[in-house]
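Structural description and commentary
Each chain is listed here by its residues.
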Amino acid sequence: PTAANKVIVGLVDSGLDLDHADLLGQLWINASEAAGQTCIDDDGNGYIDDINGWDFTDAPSLPGQGDYLERDAYPQDESGHGSHVGGIIAAMVDNGIGIAGVSSGVELMALRAGFNTSGGGYLEDDDIAAAIVYAVDNGAQIINMSFGDPQESVILRDVVRYAVEAGCMLVAAAGNEGDDNVFYPARYNLTIAVAATGRDNRVLGFSNYGPSIDLAAPGVDIASLLPDNR
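Residues numbered from 1 in each chain as written. Predicted model: local features only at pLDDT ≥ 70, side-chain atom pairs only at ≥ 80, totals over all residues. Heavy atoms only, no water.

With that out of the way, let us pick up the overall build of the chain. From N to C terminus, the chain includes 4 helices and 10 strands. Each helix and strand of the chain, ordered N terminal to C terminal, gives the series β-α-β-β-α-β-β-β-α-β-α-β-β-β. For the chain, the C-alpha atoms occupy an extent of roughly 50 × 45 × 35 Å along the three principal directions. Out of the 230 residues belonging to the chain, those deemed buried represent 44%. Of all intrachain contacts in the chain linking residues separated by at least 6 positions in sequence, the fraction that spans at least 24 positions is 63%. For the chain, the centre of its 9 positive side-chain charges and the centre of its 35 negative side-chain charges are spaced 9 Å apart. (Helix = DSSP H or I, 4+ residues; strand = E, 2+ residues; numbered from the N terminus. Buried < 20%, exposed > 50% of the residue type's maximum accessible area, 1.4 Å probe, protein only. Contact = heavy atoms within 4.5 Å. Lys, Arg positive; Asp, Glu negative; His and termini not counted. Charge placed at Lys NZ, Arg CZ, Asp CG, Glu CD.)

Right, let's talk about the pattern of salt bridges for a bit. Tallied over the entire structure, the rule returns 8 salt bridges. A salt bridge links aspartate 127 to arginine 71; the shortest N-O distance between them is 2.9 Å. In this pair, aspartate 127 sits in helix α3 (residues 125-137) while arginine 71 sits in the loop between β3 (64-65) and α2 (81-90), placing the two residues 56 residues apart along the sequence. Overall, the relative accessible area of 31% leaves arginine 71 in the partly exposed class. Three or more residues are tied together by salt bridges with common partners; here these are Asp55, Asp67, Glu78 and Arg112. (Salt bridge = Lys/Arg side-chain N within 4 Å of Asp/Glu carboxyl O.)

A word on the nonpolar core. Counting residues in hydrophobic clusters, the biggest one holds 33 residues, and the most contacted among them are Val12, Met109, Leu111, Ile132, Ile143 and Met145. Put simply, the parts of the chain that give this core at least two residues each are β1 (7-13), β4 (106-112), α3, β7 (142-145), α4 (154-165) and β8 (169-173). For this core, the leading source of residues is α3, giving 8 residues. The contact partners of methionine 109, leaving out residues within four places of it in the chain, are Ile8, Val9, Gly10, Leu11, Trp28, Asn52, Tyr134, Ala135, Asn138 and Ala140. Val9, Leu11, Val106 and Leu225 belong to the second-largest nonpolar core, a separate cluster that totals 15 residues. (Core = buried A, V, L, I, M, F, W, Y, C linked by side-chain atoms within 4.5 Å.)

Written out as structure tokens, the structure is:
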């Protein structure tokens, strides 16, 4: 369910600041759940109270921090990565707050698959896969994946194909290792792999590169949003 002519972007990341003033009007809203009863799966999609998306993180065997033990209906960002990416995509325009996103006419579906560890953010393959399936099954036309891994995952390969065959466009980060080992899922030929450029329009030294790259776009000194309405 979405407003007329709005493109839904499924943001598979660390979640979004669901209360951010520069994102409030940009969030995908599951109308059936928003207007339905609490603790009831009003739309019958298998998820209860999934108003803006879902939190797919469940990693009790890992040394995580914050909200990472169980999946739930509240995909709130704890690291800032998802809110930063979401702001670049769709922060509101001409509201006198924060920044202006590059595609403010879209709706962001919050799909939290990443959580914090002492060493940084972490995403598990099964959580990413579940988030992609949810995005496809609930109407997302584009899926953004600003993460990656040098090792291929069979489950991610299969779910990427599932999404593309359903008509979704998948966009993924090439990786920040500065070599030609483009990360997965960007390396799959079914995704749009994006490298990073600097102010001189040249590929940045930290950006991965190579024949798998489809696009390059500005990737440094990008102003955007952070949790707690920053």
